[in-house]
Amino acid sequence: MYNKLSKTAKVIQYIFYLTNFSCCRLVMEKFFFALTLALLLLVSPFKTVVAQGQIDSVRLVVFNNYLTFPVQIHTNGYSLGYGFLKYKNYRTRISYHADVFNIIHPKEDRITNRSYSVSKSYVYGKINSFLGIRMGYGLDRRLVEKSEIGSIGISLVSSAGAIVGFQKPIYYQIIYPLTPYSFELHDELFDPETHTPDNIYSKASFFKGIADTKLVPGLFLQSAFSFDYGRSNDFLNRLEVGVMLQAYLKKIEIMAVAPNSQLFGSFFISYRFGITK
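Everything numeric here is computed off the predicted structure, so don't read it as measured data.

Colleague: It is not clear to me how the sheet that holds strand β6 (residues 128-144) should be interpreted in this structure. Could you clarify?
Modeller: Strands belonging to one sheet form pairs held by backbone hydrogen bonds; the direction of such a pair is parallel or antiparallel. Judged by pairing direction, the barrel is antiparallel, and its eight strands sit side by side in the order β1-β2-β3-β6-β7-β11-β12-β13 before closing back on the first. Taking the axes of each pair of neighbouring strands and ignoring which way they run, one obtains an average angle of 25° across the sheet. Inspection of the sheet shows strand β12 (residues 235-252) paired to strand β13 (residues 261-276) by 14 bridges, in the antiparallel sense. From the neighbouring strand, alanine 247 faces β13, where its bridge partner is leucine 263.

Colleague: Explain the pairing of β6 here, please?
Modeller: When a strand is regular, its side chains alternate between the sheet's two faces. Two elements, strand β3 (residues 92-102) and β6, share 11 bridges in a ladder whose sense is antiparallel. Paired with aspartate 99 across the strands is arginine 134, a residue of β6. Pairing of β6 with strand β7 (residues 153-169) involves 16 bridges; the strand directions are antiparallel. When the sheet's bridge partners are listed, aspartate 140 is paired in β7 with valine 157.

Colleague: When you look at the environment of asparagine 76 in this model, what are you seeing that I'm missing?
Modeller: By the secondary structure assignment, asparagine 76 is in the loop between β1 (66-74) and β2 (77-87). Expressed as a C-alpha distance, the spacing of asparagine 76 and phenylalanine 267, which sit 191 residues apart in the sequence, is 8.5 Å. Residue contacts for asparagine 76: discarding those within four places in its chain leaves Asn102, Ile103, Ile104, Phe264, Gly265 and Ser266.

What counts and what doesn't
Every chain is numbered independently, its residues counted from 1 as its sequence is written. Per-residue local features of the predicted model are confined to residues with pLDDT of at least 70, and side-chain atom pairs are confined, for both listing and counting, to 80 or more; whole-chain, interface and lining totals are unaffected and use all residues. In computing side-chain values, all of the structure's heavy atoms are included and hydrogens and water are not. For two strands to pair, DSSP has to find at least two bridges joining them. Secondary structure follows DSSP: runs of H or I at least 4 residues long count as helices, runs of E at least 2 residues long count as strands, and numbering of each begins at the N terminus. Lines fitted to C-alpha atoms define the axes here, with helix axes fitted over just the stretch in contact, and angles between the N-to-C directions of these axes take values from 0 to 180 degrees. In what follows, a contact means two residues having at least one pair of non-hydrogen atoms within 4.5 Å.

Structure follows, in structure tokens:
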């Protein structure tokens, strides 16, 4: 009898132990479920923000086309332009652009006639000014992707095309004394045999000689590294550093007192602003 009661007590004790363990496990399961739910609620907004930033970055790199407006300074002058960047694929855009530019001879040096205090400065020996229009086609290849909005992307930008150049003669105002205290001015083309810094008063009007402008066609090739630091999908902000080669069918006659050339190599830096199209 005693043995039976002892066995019954042990069974009851074991059942009670299992019951307590099941209750603890249930409580623990409920606790971990509540903790997991709370963590999900806290992390979900963060994931949404990150995902939106990633989508914006992809749109910036892949889908947008841009109208661009570059301002360039190069070792031979400066230029202003207009362009269009068209999406081709994830890494590449096609570029179309046109630029108005000038060429400055490295030997140009502005002086004034010190004998006349009201005289204007001019470049001695310059016989022509040169303005041109570049029209090009190129590729914009992404080298380093923008990881997020506000980061910097790096591209290799190359283009080539045609040049229409305009070579306009320059006239000078030449001093012809009438009396020791008076003189008159005649507009003349530069003649190194008779014109000196002492008898040149200033350069004549820009429009003088415009009817004698000559066309000089040429070709160009340029390549640059472009650093895109824009912080918005709707606007493009780029700094470009590169090299350019221009070749013309004949020499560009700029100076009468220094050698001229038909090949021009230059380094340039430009800022390019763009808007989505």
